[in-house]
Amino acid sequence: PFLLKNLGLELFGLYSFTYSAILFCFMFCDYGFNFSGSKYIAINKLDIEKRDIAFSTIVTLKGLIAIVISILWIAFVFYYPIFKNNINFGLLFLGMILGNAINLQWFFQGIEKLGWYSTINSGIKLASNIAILFVVKSAADINLIPLIYSSAFILTGLITYVVAIYSEKLLFVSSSINTFKQFLKDGFDYFITISTTSLVFNGTIIILSFFEKSILIIGAFSALDRIIKILVSIYVPYSTAMYPRNMANFQIGFAEGRKSVLKHGAIALVFSIAIILIICIFSEDILSFLYPKLVIY
């Protein structure tokens, strides 16, 4: 609501489009390692040698992919018409790509020590959002948004590195070509699955921009779409925490893994049904609070 009122629908559309595109970049940088890597760590967390090899290999691969994606992002910002008058705004999001690449959430997810990470990550993101409330007063301050976000992502990434190296005594070791190939192969299926989901979840605004040239309509759609994304994002901490536990249970046996999935899935299903009912009943009130001009949609 704050950004809608201070930026207006058009610039909010630009902001939402850019943010969605950046999340799409995250998908390529992560390459499924957030799942294949955390799964590998969860299974081999007591084997220090395998743990260090996985850490070194995935960090290197994510770094190389991030460099390529960053170069492509710069070219995209300079040549895509939507950034014609806002090139600096687009370029300032580069820090988010780099910060995401060095983020070791997948590692701490694998060893099931996400407690401190959640605290640090939430604290920094909360601080960044509070900062936006204080500094973004009008459309003229739009460049401060990606600057603050990029700073938060880079800071979170650096903290995860320092904590991982000193608390878990991680060592950076050299990896063979075959090791790189194996980890790329292991992450490929996850990448395909995640990319399909990401295209639906984050790609709608990007696809819309190819057909709808009015940034006002893109802004209205993205504002409505953001409500759903916020609600769906509530699942992320839950699914992140449950994933390595489910994988560990499947290592015990299929029946044990199936039982774990059904148990945790049932909780998510009940919650989602409750959210759907709330949206259906209070849709007009939600939009009136968010931005009164959206009620006509």
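Residues numbered from 1 in each chain as written. Predicted model: local features only at pLDDT ≥ 70, side-chain atom pairs only at ≥ 80, totals over all residues. Heavy atoms only, no water.

1. Regarding the pattern of salt bridges
Then, number 1: Summed over the entire model, instances satisfying the criterion amount to three salt bridges.
Then, number 2: The salt bridge partner of Lys 62 is Asp 30, with a shortest N-O separation of 3.2 Å. Here Lys 62 is found in helix 3 (residues 48-79), whereas its partner Asp 30 is found in helix 1 (residues 2-30), with 32 residues between them in sequence.
Then, number 3: Under the relative-accessibility criterion, Lys 62 is labelled buried at 2%.
Then, number 4: Across the pair Arg 51 and Asp 52 runs a salt bridge, and its minimum N-O distance is 3.2 Å.
Then, number 5: By relative accessible area, which is 5% here, Asp 52 ends up buried. (Salt bridge = Lys/Arg side-chain N within 4 Å of Asp/Glu carboxyl O. Helix = DSSP H or I, 4+ residues; strand = E, 2+ residues; numbered from the N terminus. Buried < 20%, exposed > 50% of the residue type's maximum accessible area, 1.4 Å probe, protein only.)

2. Re a nonpolar patch on the surface
Then, number 1: Taken together, the side chains of Leu 269, Ile 273, Leu 277, Ile 278, Ile 281 and Phe 282 present a nonpolar region at the surface, about 600 Å² in accessible area.
Then, number 2: As for its placement among the helices and strands, Leu 269 is situated in helix 13 (residues 254-290). (Patch = residues over 30% accessible without salt bridge, like charges linked within 9 Å, V, L, I, M, F, W, Y side chains within 5 Å. Areas by Shrake-Rupley, 256 points an atom, 1.4 Å probe, with all protein chains shown as cover.)

3. Overview of the packing of helix 1 against helix 5 (residues 94-101)
Then, number 1: It is the contact of helix 1 with helix 5, at a shortest axis distance of 10 Å, that shows an interaxial angle of 30 degrees. On the basis of the axis angle, helix 1 is roughly parallel to helix 5. The handedness of the crossing between helix 1 and helix 5 is right-handed. Two secondary-structure elements touch here, helix 1 through Tyr 19, Ile 22, Cys 25, Phe 26, Cys 29 and Asp 30 and helix 5 through Met 96, Ile 97 and Asn 100.
Then, number 2: Each residue belonging to the contact of helix 1 with helix 5 can be placed in one class, and the counts come to seven nonpolar, one polar and one charged. (Axes fitted to C-alpha atoms, helices over the stretch in contact; angles between N-to-C directions. Parallel < 35°, antiparallel > 145°, perpendicular 65-115°, else oblique. Left-handed = near helix turned anticlockwise from the far one by under 90°. Contact = heavy atoms within 4.5 Å. Nonpolar A, V, L, I, M, F, W, Y, C, P; charged D, E, K, R; others polar.)

4. A word on helix 7 (residues 115-135)
Then, number 1: In a regular helix each residue adds 1.5 Å, so 21 residues correspond to 30 Å; helix 7 covers 30 Å between its end C-alpha atoms and thus fits that length.
Then, number 2: For helix 7, the set of buried residues is Tyr 117, Asn 121, Ile 124, Ser 128 and Ile 132. Summarising the axial view, the buried residues of helix 7 lie within an arc of 85 degrees, below the 170-degree limit, and thus occupy one face. Opposite the packed face of helix 7, turned more than 90 degrees from it, sit the exposed residues Gly 115, Thr 119, Leu 126 and Phe 134.
Then, number 3: Contacts from the buried residues of helix 7 go to helix 1, helix 6 (105-110) and helix 8 (144-167). (Expected span 1.5 Å × (residues − 1). Arc of directions from axis to C-beta.)

5. Some words on unusual backbone geometry
Then, number 1: Not every positive phi belongs to a glycine, and Tyr 31 is a case in point at roughly 45 degrees.
Then, number 2: Note on placement: Tyr 31 falls in the loop between helix 1 and helix 2 (33-44).

Geometric values such as these leave the question of function open.
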